[in-house]
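Coordinate inspection notes
The chain contents come next:
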Amino acid sequence: QVHLVESGGGLVQPGGSLRLSCVASGIIFRGYAMGWYRQAPAKQREVVARIGSGGNIEYGDSVKGRFTISRDNAKNTAYLEMNSLKPEDTAVYYCNAVGYASDGTREDHWGQGTQVTVSS
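On a predicted model such as this, the values are computed, not experimentally measured, just so you know. (Residues numbered from 1 in each chain as written. Predicted model: local features only at pLDDT ≥ 70, side-chain atom pairs only at ≥ 80, totals over all residues. Heavy atoms only, no water.)

Structural notes on the state of the cysteines
Within the structure shown, the criterion is met by 1 disulfide. A disulfide bridge connects Cys-22 with Cys-95, and the sulfur atoms are separated by 2.0 Å. The sign of the -80° torsion about the S-S bond sets the Cys-22-Cys-95 disulfide as left-handed. Within this pair, whereas Cys-22 is found in strand S3 (residues 18-25), its partner Cys-95 is found in strand S9 (residues 91-100), the two being separated by 73 residues in sequence. Residue Cys-22 is classed as buried on the basis of its relative accessible area, which comes to 0%. Assessed through its relative accessible area of 0%, Cys-95 is described here as buried. (Disulfide = S-S within 2.5 Å. Helix = DSSP H or I, 4+ residues; strand = E, 2+ residues; numbered from the N terminus. Buried < 20%, exposed > 50% of the residue type's maximum accessible area, 1.4 Å probe, protein only.)

Given below as structure tokens:
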């Protein structure tokens, strides 16, 4: 059974910072690409940041220069460091893991999400 458990969300003032964590179980973590997505009310889910199994990174345009994604394969954990937060960053943030099972089947797993609210 695969589980992705996010934590670290909450209420923060504009300009503040938060660090999200995603702990994975049930997968060979080092072989999976990890990503953070977000969905605001009445909006489509969008990519925030992704980090490949080899460490290659990409960011959504709206968070470049403010957010940093990282991973610790020894801890089966992906992180999202969010700085200079804006009210428009308010959303539910989801962790995603994409990889291939031993039989070659592509797997795409999601966490339950963690709420981030940026407000004064």
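Further notes follow.
Regarding the nonpolar core
In terms of nonpolar packing, the biggest core is built from 28 residues, with Met-34, Trp-36, Val-48, Phe-67, Leu-80, Met-82 and Tyr-93 touching the most fellow members. Contributing elements (two or more residues each) for this core: S3, strand S4 (33-39), strand S5 (46-51), strand S7 (67-72), strand S8 (77-82), S9 and strand S11 (114-118). Not counting residues up to four positions away in its chain, the partners in contact with Met-82 are Gly-16, Ser-17, Leu-18, Leu-20, Arg-66, Phe-67, Tyr-93 and Val-116. (Core = buried A, V, L, I, M, F, W, Y, C linked by side-chain atoms within 4.5 Å. Contact = heavy atoms within 4.5 Å.)

Quick notes on the pattern of salt bridges
Per the stated rule, a full pass over the model turns up 7 salt bridges. Between Arg-38 and Asp-89 there is a salt bridge, with its nearest N and O atoms 2.9 Å apart. You can see Arg-38 sitting in strand S4 and its partner Asp-89 sitting in the loop between S8 and S9, a full 51 residues away along the chain. Put simply, Asp-108 and Arg-106 hold a salt bridge, and the shortest N to O gap is 3.9 Å. For Asp-108, a relative accessible area of 41% corresponds to the partly exposed category. The network of salt bridges with shared partners includes Arg-38, Glu-46, Arg-66 and Asp-89. (Salt bridge = Lys/Arg side-chain N within 4 Å of Asp/Glu carboxyl O.)

Section: unusual backbone geometry
Backbone geometry follows two general trends: most residues other than glycine have a negative phi, and most peptide bonds adopt the trans configuration. Positive phi outside glycine occurs at Ala-42, with the angle close to 65°. For Ala-42, the position within the fold is in the loop between S4 and S5. Notably, Asn-76 is not glycine yet its phi reads approximately 50°, a positive angle. Owing to a relative accessible area of 26%, Asn-76 belongs among the partly exposed residues under this scheme.

Details of the packing of aromatic side chains
All told, the structure shown has 1 aromatic pair when counted by the stated rule. Taken together, a centroid distance of 5.0 Å and an interplanar angle of 65° make the contact between Tyr-37 and Trp-110 edge-to-face. Of this pair, Tyr-37 sits in strand S4 while Trp-110 sits in strand S10 (residues 106-110), placing them 73 residues apart in sequence. Taking the relative accessible area as the measure of exposure, Tyr-37 reaches 14% and is therefore buried. (Phe/Tyr/Trp six-rings, centres within 6.5 Å; stacked < 30°, edge-to-face > 60°.)

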